[in-house]
Amino acid sequence: MDAYLLLLREDPSQYATLSPAQMGEIVERYRAWSEKLAAQGRLVGGQKLADEGGKRLRAGAAGAGPIVTDGPYIESKDVIGGTFIVRAASYDEAIALVADCPHLAGDNVIELRRIEIE
Amino acid sequence: MSVAALDFRAAWGRLVGVLVRTHRLADPALAEDAVQHAMLQATRLWPVAGTPAQPLAWLTTVARNHLRDALRARAQEVQFDDASDEAGAAGVIEAADAVAAGELGDDELALIFACCDPALPVASQVALALKTVCGLSLREIAAGLLCDEAAVAQRLARARRVLAARSAPVRLPAGAELPPRRDAVLLAIHLLFNEGYAASGGQTAQRPDLCREAIRLARALAAHPITAHAEADALAALLLLQGAWLGERVDADGHWRLLDEHDRAQWDATMIAAGLAHLQRAQRAQALSIWHLRAGIAAEHATAPTLAHTCWAAIAAAYDALLALDPAPATRLSRAVAHGFAQGPAAGLAQLASLHEVLPAGLRAHGLAAQAEMLARLGRRAEAVDALDRAIAQATTPAAQRLLTRKRARLG
């Protein structure tokens, strides 16, 4: 069975004005979904990428170190906020697993990529 | 491995209350910011990384660190001693079960009393309590209080300036301070319930979550050794008895049902029993308060097996007594309706006639609908239809408009 990477793309500013009840609902929806997948043996894991920015590196002049800039992520409306990895036999199966992922709400996007192992 | 879901809304007041106490804050705003920050972090992290084994302790630590940074940034001396802070943190962990059960602790009650400061207008007290203790968003508060978000924000900002000007840390009032504060708290809780119960703005007929918050607060107030009082029991009784039919008051589409359309078997028997128990405890009062009388009326409705078996004479008598304590137009209107059933529609009509001029805009549709009801029972159908037409025109919410239109259709 292959592994598929879910890149959870979103606009982080959408969370700024949530009430505690709404935040609790979000946490609960994801919890229910990941527990369901874990129980089916399909969930490998998930990781949160920190919201505070990040760095961009590119090659600098010969002999010098790389050029490092702040990633302009925090102002961006399209940020990879986190990842899940799931097990599936094909893209179709992976899509079926992800179809009810609570990340699919509003303008959020899930980018699904098969992890090349061989 | 499954971790029990944390009720964020119930945790909110608990965490704000703990931070306010352990850091001896006079103004809860900084504690609210810290808890908001911690919950937001949790909302970003937990969905993908998993919920920690002790979510409440996790939130406490993150919120406390954020609060300390904020206090240092304001160049304020960070006022806490580690002993009381650690005790607070331990208390939070122990409180996890209480939060899950929706119980309120001392810290939250102290917060309610701080919000219901008699120096603030009642509407501001309610807005502040909803924000600080119940953790409602500006949008939710605006929907509940029938105003826009900007107005709520302004109201909260003004209220916070009043609180921030105080130097005394938030704590439960005692001695002579307590009774006037308690009156304000009872009033604010009742207003909170009503906002959920009586068709707030917008399309929804009721907001049961606001009602549940109000019931939770009233019961906690009645149960706590410092704040316990017969009037708090009476209020808890009133809210529980009215809350018992929340589920039947609207149909599956969220439209109002008329009282004779309720399936009384669906009324929440547990809430009715709890309400009657509070009403029993409220009997220790030396004098009947408005809460006693209103709870008594709600109990008559809640225990009547059918609408036809409602003891209208008892309800009318209770309204007579209530009128002496609370001569507001709303009381007079309900009293006229009760008399219309107890003594017949002609008696009710006579009371309504003298009342119509003084009804505020928000009650005019109710007054006309009551008039139509009694006219119909007297066989004066054309006049009843006319009154309902005018009621529909005066209705202030879409839900009320739909109900009245249906009533008019029932007249045939």
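Residues numbered from 1 in each chain as written. Chains lettered and ligands numbered in written order. Predicted model: local features only at pLDDT ≥ 70, side-chain atom pairs only at ≥ 80, totals over all residues. Heavy atoms only, no water.

Visitor: Just checking my understanding: could you explain the overall build of chain B for this structure?
Guide: What chain B contains, in helices and strands, is 21 helices and zero strands. Taken over 412 residues, chain B has a buried fraction of 52%. Residue pairs at least 24 apart in sequence account for 67% of intrachain contacts in chain B once pairs closer than 6 positions are excluded. Put simply, chain B shows about 17,700 Å² of open surface, and 55% of that area lies on carbon and sulfur atoms. (Helix = DSSP H or I, 4+ residues; strand = E, 2+ residues; numbered from the N terminus. Buried < 20%, exposed > 50% of the residue type's maximum accessible area, 1.4 Å probe, protein only. Contact = heavy atoms within 4.5 Å. Areas by Shrake-Rupley, 256 points an atom, 1.4 Å probe, with all protein chains shown as cover.)

Visitor: When you look at the overall build of chain A in this model, what are you seeing that I'm missing?
Guide: A tally of regular secondary structure across chain A gives two helices and six strands. Each helix and strand of chain A, placed in order from N terminus to C terminus, yields the pattern β-α-β-β-β-β-α-β. Its C-alpha radius of gyration of 17 Å places chain A more than 25% over the 13 Å reference for a compact globule of 118 residues. For chain A, the C-alpha atoms occupy an extent of roughly 50 × 45 × 20 Å along the three principal directions. Taken over 118 residues, chain A has a buried fraction of 36%. A sequence separation of at least 24 residues applies to 71% of the contacts in chain A between residues at least 6 apart. Accessible surface, chain A: about 7,000 Å² in total, of which carbon and sulfur atoms supply 54%. When the 13 basic and 18 acidic side-chain charges of chain A are each reduced to a single mean position, those positions are 3 Å apart. (Rg over C-alpha atoms; globule rule 2.2 N^0.38 Å. Lys, Arg positive; Asp, Glu negative; His and termini not counted. Charge placed at Lys NZ, Arg CZ, Asp CG, Glu CD.)

Visitor: I'm lost on the packing of helix 6 (residues 106-115) of chain B against helix 10 (residues 178-197) of chain B in this one. Help?
Guide: Each pair of packed helices gets described by two things: the angle between the helix axes and the distance between those axes. All names here are of chain B. Between helix 6 and helix 10, whose axes approach to 9 Å, the crossing angle comes to 85°. One finds that helix 6 runs roughly perpendicular with respect to helix 10. Seen from helix 6, the contacting residues are Ile112, Phe113 and Ala114; seen from helix 10, they are Leu178, Arg181, Arg182 and Val185. Among the residues forming the contact of helix 6 with helix 10, the class breakdown is five nonpolar, no polar and two charged. (Axes fitted to C-alpha atoms, helices over the stretch in contact; angles between N-to-C directions. Parallel < 35°, antiparallel > 145°, perpendicular 65-115°, else oblique. Nonpolar A, V, L, I, M, F, W, Y, C, P; charged D, E, K, R; others polar.)

Visitor: Honestly, the environment of leucine 192 of chain B in this entry has me stumped. Any pointers?
Guide: All names here are of chain B. Note on placement: leucine 192 falls in helix 10. Residue leucine 192 is classed as buried on the basis of its relative accessible area of 4%. Considering only alpha carbons, one finds leucine 192 and arginine 212, 20 residues apart in sequence, at a separation of 9.7 Å. The residues contacting leucine 192, other than those within four sequence positions of it, are Leu130, Leu210, Glu213, Ala214 and Leu217.

Visitor: What should I look at first to understand the pairing of strand 5 (residues 79-88) of chain A in this one?
Guide: On a regular strand, one side chain projects to one face of the sheet and the next to the other, so that they alternate. Residues and elements named next belong to chain A. Counting buried residues along strand 5, seven of its 10 residues qualify, which places the element largely inside the surrounding structure. Taken together, the nine bridges between strand 1 (residues 2-10) and strand 5 define a ladder with antiparallel strand orientation. By the bridge assignment, arginine 9 is partnered in strand 5 with isoleucine 80. Pairing geometry for strand 2 (residues 43-48) and strand 5, over five bridges, is antiparallel. Within strand 5, the residue paired with lysine 48 across the bridge is glycine 82. (Pairing = 2+ DSSP bridges.)

Visitor: Please explain the interface of chain A and chain B as it appears in this structure.
Guide: Size of an interface, as often reported, equals the accessible area lost when the parts are brought together. The interface of chain A with chain B comprises 26 residues on the first partner and 25 residues on the second. Taken together, the two surfaces of chain A and chain B that pack against each other cover about 1,900 Å², and 62% of this comes from carbon and sulfur. The interface formed by chain A and chain B holds one salt bridge in total. Notably, a salt bridge pairs glutamate 10 of chain A with arginine 44 of chain B, separated by 2.7 Å at the nearest N-O pair. Run the count over chain A and chain B and you get two residue pairs in polar contact (both at pLDDT 80 or more). Elements with a contribution of two residues or more to the side of chain A that touches chain B: strand 1, helix 1 (20-39), strand 2 and strand 5 of chain A. Element by element, the count of residues in the side of chain A that touches chain B is highest for helix 1 of chain A, at 12 residues. Among the residues forming the side of chain A that touches chain B, the class breakdown is 12 nonpolar, eight polar and six charged. (Buried area = accessible area lost by both parts, 1.4 Å probe. Salt bridge = Lys/Arg side-chain N within 4 Å of Asp/Glu carboxyl O. Polar contact = N/O pair within 3.5 Å; in protein donor to acceptor, adjacent residues only side chain to side chain.)

Visitor: Would you explain the sheet that holds strand 5 of chain A in this entry?
Guide: The pairing of strands in a sheet comes from backbone hydrogen bonds and takes either a parallel or an antiparallel form. Across the sheet, which stays open at both edges, the four strands sit in the order 2-5-1-6 (chain A) with antiparallel pairing between neighbours. With partners counted over all chains shown, the strands left at the sheet margins are strand 2 and strand 6 (109-114) of chain A, one partner each. Going from strand to strand, the sheet's axes swing by 20° on average, the running direction of each strand aside. Where helix 2 (residues 29-49) of chain B meets the sheet, its contacts fall on strand 1, strand 2 and strand 5 of chain A, and the angle it forms with strand 2 of chain A comes to roughly 160°.

Visitor: Would you take a moment to explain unusual backbone geometry for this structure?
Guide: Outside of glycine, negative phi angles account for most residues, and trans bonds account for most peptide bonds. Positive phi values are uncommon outside glycine, yet arginine 24 of chain B reaches one of about 50°. As for its placement among the helices and strands, arginine 24 of chain B is situated in the loop between helix 1 (8-22) and helix 2.

Visitor: Is there a simple way to think about the packing of aromatic side chains in this case?
Guide: Per the counting criterion, the structure on display carries six aromatic pairs over all chains. Taken together, the ring pairs in this structure connect Phe8, Trp46 and Trp58 of chain B into an aromatic cluster. (Phe/Tyr/Trp six-rings, centres within 6.5 Å; stacked < 30°, edge-to-face > 60°.)

Visitor: Whenever I open this one, the pattern of salt bridges confuses me. Can you help?
Guide: Pairing is possible between side chains of opposite charge, provided their charged atoms come close. One pass over the structure, following the stated rule, counts 30 salt bridges over all chains. Measuring nitrogen to oxygen at the nearest pair gives 3.5 Å for the salt bridge that ties arginine 114 of chain A to glutamate 116 of chain A. The exposure class of arginine 114 of chain A is partly exposed, given its relative accessible area of 36%. Its salt-bridge partner being arginine 14 of chain B, residue glutamate 108 of chain B comes within 2.8 Å of it at the nearest N-O pair. Separated by 94 residues along the polypeptide, glutamate 108 of chain B in helix 6 and arginine 14 of chain B in helix 1 bring together distant segments of the chain. Owing to a relative accessible area of 0%, glutamate 108 of chain B belongs among the buried residues under this scheme.

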